Structure formats: C-alpha cells, structure tokens
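Observations on the three-dimensional arrangement
Residue-level listing of the chains:
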Amino acid sequence: MQMKGSRYNMTWLISPKVEGNELSWLTEEGSLTERLKKEFDEVKVEIVYEGVYLLDKTFYTREVILKSNDKPRVFARTLVKEDDLLQAWSSLKNLGDQSLATILFDSAEIKKISVFYKELFLGNSLFDHVSSISPTHKKSLWARKSSWEKEGAHLDLIEIFL
C-alpha cells in the first residue's frame, strides 16, 4: 500500500529504505522527544507557526522544531480539523512550548492508526519549506507521516528528520 505523494510522483512508503541509526530514528515507536532527551540530555520545542493552515483554512496547524544542544533535530507539523479543536484535540492549543508527545503518549484514548515514510529532495514543497526555516546542506531528508485518532477525530503529524 502506498499513498500518492505530491511533487515528482513521490509516494509515501510503508517502510523506509534506510538502514542503521537512521532507520532506528524513523521507526521509533515511542516519543521522539523522550529519545532526544536520552541521546542529548535536553530538548527544546521552538514554535515556528501556530494557527489556521494556510493551504486549507478548515485545518489548524502547529509547526515546531525540536532542538537538542541548540541544534535542530526534527521539524514537526501537526494538522487537525478546526472543528476537532473544540472537542477531542482541544489540549493542542494549550501546549505552548511543550512537545506534542505530552498529549499523544499520555492517554489510552489516543491510538496511532497509520505511519508512512518518504525521502524528500530539493524541489519538494516540504523539503523547501523546512529548508527555509532551518537551512540544511543535506541533499535529502527523511520524513514520516502518522495519523492518530481520539474520540473519532483524526490528527496528522509529519516529522522531518534534520
């Protein structure tokens, strides 16, 4: 099963085509924030944008960069329907500089329902967006896209490994 991608006919994959440490990070089942704390001792959440998603005004988005030792490690974009902010995902608006993990991994009501992977290249809109926020010398960046469900409401999370 593959999901259609955007530019350059790229698709989201069921499993990433990488090995070693990179594979370990991409397929991490637990909180990336907790893993970053274990590896680098400290994690800061830098909010890039919070508010109406400019490409579809029926969605709320939150974009952050997770940093350890002042180095950007992960860019994360959360998308949820505006209507679902009033009920199931209302705690999203109160996160401030806390990680989304404080919501996702602390409630038995929340289930991860899917996860897909994609290698992003220069020219891909996500790659270009992230590069404009956190410049990179890398030729590609790996991303994972997960969907979560709570009380019938969905949340989509894209994490890009810097």
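Looking now at the packing of aromatic side chains. In the structure shown here, the tally under the stated rule is one aromatic pair. Between phenylalanine 105 and tryptophan 148, the aromatic rings sit 5.6 Å apart at their centres with planes inclined by 80 degrees, giving edge-to-face as the arrangement. With phenylalanine 105 in the loop between helix H4 (101-104) and strand S6 (111-121) and tryptophan 148 in strand S7 (residues 140-150), this pair connects stretches of sequence that are 43 residues apart. Under the relative-accessibility criterion, phenylalanine 105 is labelled partly exposed at 37%. With a relative accessible area of 6%, tryptophan 148 lands in the buried category. One cation-aromatic arrangement involves arginine 35 over tryptophan 25; the distance from NZ or CZ to the ring centre is 4.0 Å. For the cation-ring pair, arginine 73 lies above phenylalanine 40, with the distance from its terminal atom to the ring centre recorded as 3.8 Å.

This model, assessed by the stated rule, comprises seven salt bridges. For the salt bridge of arginine 35 with glutamate 39, the shortest nitrogen-to-oxygen distance reads 3.7 Å. On the criterion of helical spacing, the pair formed by arginine 35 and glutamate 39 is a turn pair, its members being four residues apart in helix H2 (residues 32-40). With a relative accessible area of 13%, arginine 35 lands in the buried category.

Note on placement: threonine 58 falls in the loop between strand S3 (44-52) and strand S4 (59-68). On the basis of relative accessibility, which here comes to 48%, the residue threonine 58 falls in the partly exposed class. For threonine 58, the residues in contact, after removing those within four places along its chain, are Lys81 and Glu82. Within the local environment of threonine 58, its side chain forms a polar contact with the side chain of aspartate 56, the two groups lying 2.7 Å apart.

So, on to the sheet that holds strand S5 (residues 71-81). Pairing is antiparallel in the open sheet, where six strands are placed in the order S3-S4-S5-S8-S7-S6. Lying at the two open borders of the sheet, with one neighbouring strand each, are S3 and S6. Mean inter-strand twist for the sheet, computed between neighbouring axes without regard to direction, equals 15 degrees. Across ten bridges, the pairing between S4 and S5 is antiparallel. Looking at S5, one finds that phenylalanine 59 is bridged to lysine 81. Its contacts with the sheet put H2 on S4, S5, S7 and strand S8 (153-161), and the angle it makes with S4 is roughly 10 degrees.

What counts, and at which threshold
- Residues numbered from 1 in each chain as written.
- Predicted model: local features only at pLDDT ≥ 70, side-chain atom pairs only at ≥ 80, totals over all residues.
- Heavy atoms only, no water.
- Phe/Tyr/Trp six-rings, centres within 6.5 Å; stacked < 30°, edge-to-face > 60°.
- Helix = DSSP H or I, 4+ residues; strand = E, 2+ residues; numbered from the N terminus.
- Buried < 20%, exposed > 50% of the residue type's maximum accessible area, 1.4 Å probe, protein only.
- Lys NZ or Arg CZ within 6 Å of the ring centre and 35° of its normal.
- Salt bridge = Lys/Arg side-chain N within 4 Å of Asp/Glu carboxyl O.
- Contact = heavy atoms within 4.5 Å.
- Polar contact = N/O pair within 3.5 Å; in protein donor to acceptor, adjacent residues only side chain to side chain.
- Pairing = 2+ DSSP bridges.
- Axes fitted to C-alpha atoms, helices over the stretch in contact; angles between N-to-C directions.

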